[in-house]
Protein chains: 2
Amino acid sequence: MFDQSLLPTVLRHDEIAFFDGKSIRVLDRRCYPLKKEYISVKSAEDAYWAIKDMAVQGGAPLELALRTMLLSYEKKEDLEKCASLLSSARPTNKSMANTLSDLLKRISSGTGIYDAVDSILDEYDEAYDRMSSYGKDLIEDGDGILTTCFAEHSFLLSLAKARMEGKDIRVYVPETRPYLQGAKLTLPSLNEMGIESYLITDAMPAFFMREGKIMKYMSASDALLPDFSVANKIGTLSNAICARYYGIPYYPFSLESSSNSNLEIEYRSGNEVLSINGCCITEPGAKALYPAFDIIERSLISGIITKNGIIYPNEIEK
Amino acid sequence: MFDQSLLPTVLRHDEIAFFDGKSIRVLDRRCYPLKKEYISVKSAEDAYWAIKDMAVQGGAPLELALRTMLLSYEKKEDLEKCASLLSSARPTNKSMANTLSDLLKRISSGTGIYDAVDSILDEYDEAYDRMSSYGKDLIEDGDGILTTCFAEHSFLLSLAKARMEGKDIRVYVPETRPYLQGAKLTLPSLNEMGIESYLITDAMPAFFMREGKIMKYMSASDALLPDFSVANKIGTLSNAICARYYGIPYYPFSLESSSNSNLEIEYRSGNEVLSINGCCITEPGAKALYPAFDIIERSLISGIITKNGIIYPNEIEK
């Protein structure tokens, strides 16, 4: 298993969701790294809003949800209702619904809830470890790597492991408007890990591809579809198309072994595009649109990195 | 000639650069439309900094430069030095150098400077009028149109004329980080003109192309290269590649009749990416990159709209 100290602040268990038996302390990622503030989650409803309002993002919602199940258990609340509420906070990513349903199954077959949560978290760490070993092998010495949003454990561990093998790498990080996860989560994490990295705007990846600076494109994915398309943060599609145009391979990581047939793309409020860190960027009354996820068709994907190895979608019969 | 009242605030002569014989009043586009503030340009050096620091952007620098030549003339300064200083403020777009050199030629062949400036501005209006008639003909009823940054007179007049012919159109406007010209100039202009428009982030165009919402991509261009590639605001390349992928035609407008052989891509300070409206978006010490322009190869261009008609780069022998 990987050394937990390889992980940056925002991926440490106690920063994501620290449960003291009565409430959960959660790092508020909306203002990180400008401020290190915590919110206190005292109910499943608090957790629902923390996820929906983006106080937790990028892998963290799942861990918060598992701790929230412990909280509901301590409060003797209905665990199925709690799981259902949490799963409804963001509709596109189905990992949470699947994981919480798995947790309920383990409990009903006799495992204690604390043991079940610990086992699930261990299994996730095991999956990250395996995925990042596959990811590390794809990274070559001298690579410039483009990413999108915050590609979490599997991506960051891949970089850490590649560097431990002496590979020289640098990462280009699109800021990821409107919530700026690239600027707020990925860039500070890479700096903390001592990996050379550059913030760019979401419009710049093609420029650096054309200049020959980018050799790989790697992202997380929020859902794996039955035809081996993936869903991921808005902007992933544009980068994948440009990568294909310049002959650069695109590798999304996928935590899912089973695929989702009924994907719902989350449309968030356009108002979230009209401001940045609470400051309005245009005139009042302007209209904006905010589809939160892209679907990237299988033909644009070089390989999907899973815990069981790399799936090559273009080599699979339809 | 087109009716000047078709133009939105930011393209009106007296808002761009109003000269009273002693100083030039310039709308500061960095804070527009949140605040309507003016700066006072009292020397060629003031004008140089207004252009370099992005107080004027999107077509306006040229008009400010012409008025600044009048100011230098009134102050009995060296006009060639003034032209050279202004042309050096932003290296990629060569229109200013060409236009100011044209002005100096007209003066040395006996035309009065005020008449020469008026003639040049009239010739620009004539060019906008012709280009927008070609642009208007490309727009079809029901079109969703993607643009980038602030595509100025030719684009906005094309839309106004298309609408006067009863064509139903809507425009998708990427915000254009880091300076947000899409949010600050294009979107308010379209709202002022009563044209249906939506702000999106720079990462979203491919999403709306995939959804079938975008039928045309139109932008300005900062330079026309000898091989019929164009240079334009960073982000244009990514959109042009995605448009090609989805079979959507891309039409840049070009004011230039002659092409530039020695193009210099302006790299601005990465610090301009690290903040938005003066607010830092990541931790101190982070590194960022800011290439300000893309080069879009001829194979991605469906047609270049010029005052003399549409050039089809792919039909021209290399």
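Residues numbered from 1 in each chain as written. Chains lettered and ligands numbered in written order. Predicted model: local features only at pLDDT ≥ 70, side-chain atom pairs only at ≥ 80, totals over all residues. Heavy atoms only, no water.

Visitor: I'd love a proper account of the overall build of chain A, names of residues and values included.
Guide: Each helix and strand counted, chain A has ten helices and 17 strands in total. Here the C-alpha atoms of chain A give a radius of gyration of 19 Å, agreeing with the 20 Å that 2.2 N^0.38 yields for 318 residues. For chain A, the C-alpha atoms occupy an extent of roughly 60 × 50 × 40 Å along the three principal directions. Counting all 318 residues of chain A, 61% fall into the buried class. Long-range contacts, defined here as pairs at least 24 residues apart, represent 73% of the contacts in chain A between residues at least 6 apart. With 35 positive and 45 negative side-chain charges, chain A shows a separation of 2 Å between the mean positions of the two kinds. (Helix = DSSP H or I, 4+ residues; strand = E, 2+ residues; numbered from the N terminus. Rg over C-alpha atoms; globule rule 2.2 N^0.38 Å. Buried < 20%, exposed > 50% of the residue type's maximum accessible area, 1.4 Å probe, protein only. Contact = heavy atoms within 4.5 Å. Lys, Arg positive; Asp, Glu negative; His and termini not counted. Charge placed at Lys NZ, Arg CZ, Asp CG, Glu CD.)

Visitor: Describe in detail the relation of the copies chain B and chain A, supporting the description with residues and values.
Guide: When chain B is fitted to chain A, the best match, at an RMSD of 0.0 Å, comes from turning it 180° and sliding it 0.0 Å along the axis. Interpreted geometrically, this transformation is the action of a two-fold axis. Considering only C-alpha atoms, the residue of chain B closest to the rotation axis is B:Asp202, which sits at 2.9 Å. Both copies contact each other with a shared surface, as 100% of the interface residues of chain B are interface residues in chain A too. (Least-squares fit on C-alpha atoms with pLDDT ≥ 70 in both.)

Visitor: Pulling in residues and values, what's your account of the sheet that holds strand S1 (residues 18-19) of chain A?
Guide: Residue and element names in this part refer to chain A. Ordered in space as S1-S2-S3, the three strands form an open sheet in which the pairing is antiparallel. Two strands lie at the open edges of the sheet, namely S1 and strand S3 (38-41), each paired on one side alone. Taken together, the four bridges between strand S2 (residues 24-27) and S3 define a ladder with antiparallel strand orientation. Looking across to S3, one finds that Arg25 is bridged to Ser40. (Pairing = 2+ DSSP bridges.)

Visitor: Could you give an account of the pairing of strand S9 (residues 230-233) of chain A, naming the residues involved and the relevant values?
Guide: All names here are of chain A. In this sheet, S9 lies alongside strand S8 (residues 223-224) in antiparallel orientation, the contact comprising two bridges. What sits directly across from Ala223, in S9, is Ala231. Connecting S8 to the antiparallel partner S9 that follows it, the hairpin turn spans five residues, and Phe228 within it adopts a positive phi of roughly 70°. One ladder, built from four bridges, connects S9 with strand S15 (residues 293-296); its direction is antiparallel. Bridge pairing in S15 places Asn232 opposite Asp294.

Visitor: Go over the interface of chain B and chain A, please, and point to the residues and values.
Guide: Where interface size is given, it is often the accessible area lost as the parts come together that is meant. Between chain B and chain A, the contact holds 56 residues from the first and 56 residues from the second. Here chain B packs against chain A, burying approximately 4700 Å² in sum over the two surfaces, 66% of which is carbon and sulfur. Linking chain B with chain A are four salt bridges, by the criterion used here. Close ionic contact of B:Glu297 with A:Arg210 constitutes a salt bridge, the shortest N to O distance being 3.1 Å. Taken together, the elements giving at least two residues each to the side of chain B that touches chain A come down to helix H8 (181-192), strand S6 (196-200), helix H9 (205-210), helix H10 (236-245), strand S13 (279-280), strand S14 (290-291) and strand S15 (293-296) of chain B. For the side of chain B that touches chain A, the class distribution of residues is 38 nonpolar, eight polar and ten charged. (Buried area = accessible area lost by both parts, 1.4 Å probe. Salt bridge = Lys/Arg side-chain N within 4 Å of Asp/Glu carboxyl O. Nonpolar A, V, L, I, M, F, W, Y, C, P; charged D, E, K, R; others polar.)

Visitor: Which residues make up the side chain of B:Glu283, and what values do they have?
Guide: Residue position: B:Glu283 is located in the loop between S13 and S14. Within the buried core, B:Glu283 has no salt-bridge partner, and the shortest N-O distance to an opposite charge, that of A:Lys36, equals 10 Å. Sequence-distant contacts of B:Glu283, that is, excluding residues within four places in its chain, are made with A:Pro33, A:Pro188 and A:Asn191.

Visitor: Tell me about the sheet that holds strand S1 (residues 18-19) of chain B, residues and numbers included.
Guide: Residue and element names in this part refer to chain B. The antiparallel open sheet is built from three strands, whose spatial order is S1-S2-S3. Strands with a single pairing partner mark the edges of an open sheet, and in this sheet they are S1 and strand S3 (38-41). Strand direction decides the pairing type here: S1 and strand S2 (residues 24-27), joined by two bridges, are antiparallel. If you follow Phe18 over to S2, its bridge partner there is Arg25.

Visitor: I'd love a proper account of the pattern of salt bridges, names of residues and values included.
Guide: Overall, the coordinates contain 44 salt bridges over all chains when judged by the stated rule. Note that A:Arg67 is salt-bridged to A:Glu63, the shortest N-O span being 3.9 Å. Separated by four residues within a single helix, A:Arg67 and A:Glu63 lie in helix H3 (residues 60-74), roughly one turn from each other. Across the salt bridge formed by B:Arg268 and B:Glu266, the nearest N and O atoms sit 2.9 Å from each other. On the basis of relative accessible area, B:Glu266 is assigned to the buried category, the value being 7%.

Visitor: Tell me what's going on with the packing of aromatic side chains, and back it up with residues and numbers.
Guide: Between two aromatic rings, the relevant description is the distance of the centres plus the angle of the planes. Overall, the coordinates contain 18 aromatic pairs over all chains when judged by the stated rule. Each ring, one from A:Tyr245 and one from A:Tyr246, has its centre 4.9 Å from the other, and the planes form 85°; the classification is edge-to-face. What makes A:Tyr245 partly exposed here is its relative accessible area of 33%. Residue classification places A:Tyr246 among the partly exposed residues on the basis of a relative accessible area of 23%. Looking at B:Arg25, its charged tip hangs above the ring of B:Tyr38, at a distance of 4.5 Å from the centre. (Phe/Tyr/Trp six-rings, centres within 6.5 Å; stacked < 30°, edge-to-face > 60°. Lys NZ or Arg CZ within 6 Å of the ring centre and 35° of its normal.)

Visitor: I'd love a proper account of the side chain of B:Asn239, names of residues and values included.
Guide: Residue position: B:Asn239 is located in helix H10. Residue classification places B:Asn239 among the buried positions, given a relative accessible area of 5%.

Visitor: Outline unusual backbone geometry, supporting the account with residue identities and numerical values.
Guide: All names here are of chain A. Look at the link from Tyr32 to Pro33: it is a cis peptide, with omega at 0°. Along the chain, Pro33 turns up in the loop between S2 and S3. Of the consecutive residues Arg177 and Pro178, the connecting peptide bond is found in the cis state with omega at 5°. Inspection of the secondary structure puts Pro178 in the loop between strand S5 (170-174) and helix H8 (181-192). For Phe228, which is not glycine, the phi torsion reads 70° and is therefore positive.

Visitor: Give a detailed account of the confidence of the model for chain A, specifying residues and quantitative values.
Guide: For chain A, the mean per-residue pLDDT works out to 94, and 99% of the residues sit at or above 70. This prediction of the complex comes with two scores: 0.95 for pTM and 0.95 for ipTM. (pLDDT = per-residue confidence, 0-100.)

Visitor: Tell me what's going on with the environment of B:Arg130, and back it up with residues and numbers.
Guide: Residue and element names in this part refer to chain B. On the secondary structure map, Arg130 appears in helix H6 (residues 113-138). Taking relative accessible area as the criterion, Arg130 reaches 37% and is therefore assigned partly exposed. Separated by 24 residues in sequence, Arg130 and Ser154 have C-alpha atoms that sit 8.4 Å apart. Once residues within four sequence positions are removed from consideration, Arg130 is found in contact with Lys307 and Asn308.

Visitor: Any chance you could break down the nonpolar core for me, citing the residues and the numbers?
Guide: Here is a general trend for soluble globular proteins: nonpolar side chains tend to be buried in one another's company. If you look at the biggest cluster of nonpolar residues, it comprises 213 residues, and the most contacted ones within it are A:Leu64, A:Leu159, B:Leu64 and B:Leu159. Apart from the residues lying within four places of it in its own chain, the contact partners of B:Leu64 are B:Ile16, B:Ala17, B:Ile24, B:Val26, B:Val41, B:Ala47, B:Ala50, B:Ile51 and B:Val56. (Core = buried A, V, L, I, M, F, W, Y, C linked by side-chain atoms within 4.5 Å.)

Visitor: Describe in detail the packing of H6(B) against helix H7 (residues 152-164) of chain B, supporting the description with residues and values.
Guide: In a packed pair of helices, the relevant descriptors are the angle between the two axes and the axis-to-axis distance. Residue and element names in this part refer to chain B. As a packed pair, H6 and H7 sit with axes 8 Å apart at the nearest point and diverge in direction by 55°. The angle between the axes of H6 and H7 places the two elements in the oblique class. Helix-helix and strand crossings are classified by hand; for H6 and H7 the assignment is right-handed. Between H6 and H7, the contacting residues are Tyr128, Asp129, Met131, Ser132, Ser133, Gly135 and Lys136 on the first element and His153, Ser154, Leu157, Ser158, Lys161 and Ala162 on the second. (Axes fitted to C-alpha atoms, helices over the stretch in contact; angles between N-to-C directions. Parallel < 35°, antiparallel > 145°, perpendicular 65-115°, else oblique. Left-handed = near helix turned anticlockwise from the far one by under 90°.)

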